[in-house]
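Residue-level structure breakdown
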Amino acid sequence: MRTIDIDNVSQELKDLVTEKDPVDEDIGLLDKQGNLLGVIISQDAYEFFLRKVEEEEDRIDGLTVEEFHKSGEKYNEK
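Only a predicted model underlies this, so the values are computations on that prediction, with no experimental measurement involved.

Let's talk about the side chain of Lys-14
Take Lys-14: it is sitting in helix H1 (residues 11-17). Judged by its relative accessible area of 19%, Lys-14 falls in the buried class. At 3.4 Å, the side chain of Lys-14 forms a polar contact with the side chain of Asp-7. Apart from residues no more than four positions distant in its own chain, Lys-14 is found in contact with Ile-6, Asp-7 and Val-9.

Section: the pattern of salt bridges
Tallied over the full model, the rule gives four salt bridges. Lys-70 is the partner of Glu-66 in a salt bridge, and the nearest nitrogen-oxygen pair spans 3.2 Å. Taken as a pair, Glu-66 and Lys-70 lie in helix H2 (residues 43-71) at a separation of four residues, close to a single helical turn. Given the relative accessible area of 65%, Lys-70 is considered exposed.

Calculation rules
- Residues numbered from 1 in each chain as written.
- Predicted model: local features only at pLDDT ≥ 70, side-chain atom pairs only at ≥ 80, totals over all residues.
- Heavy atoms only, no water.
- Helix = DSSP H or I, 4+ residues; strand = E, 2+ residues; numbered from the N terminus.
- Buried < 20%, exposed > 50% of the residue type's maximum accessible area, 1.4 Å probe, protein only.
- Polar contact = N/O pair within 3.5 Å; in protein donor to acceptor, adjacent residues only side chain to side chain.
- Contact = heavy atoms within 4.5 Å.
- Salt bridge = Lys/Arg side-chain N within 4 Å of Asp/Glu carboxyl O.

Next comes the structure, spelled out in structure tokens:
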């Protein structure tokens, strides 16, 4: 993850990020044409996202192992 010190961002962004009771919404960063360039999410949302990614990776790993066992390939190795 790339990081930036809070004192190096605009006051508007600083206010949104440091709200006492933030609305449970992401902060979108837009260019002049309104295109979404990036998103800032809360720490809770980030940790949730990481847990979900890890769960999905574990699920996929389990399927891969299951397919390997079903293939009989482990018994065909010499």
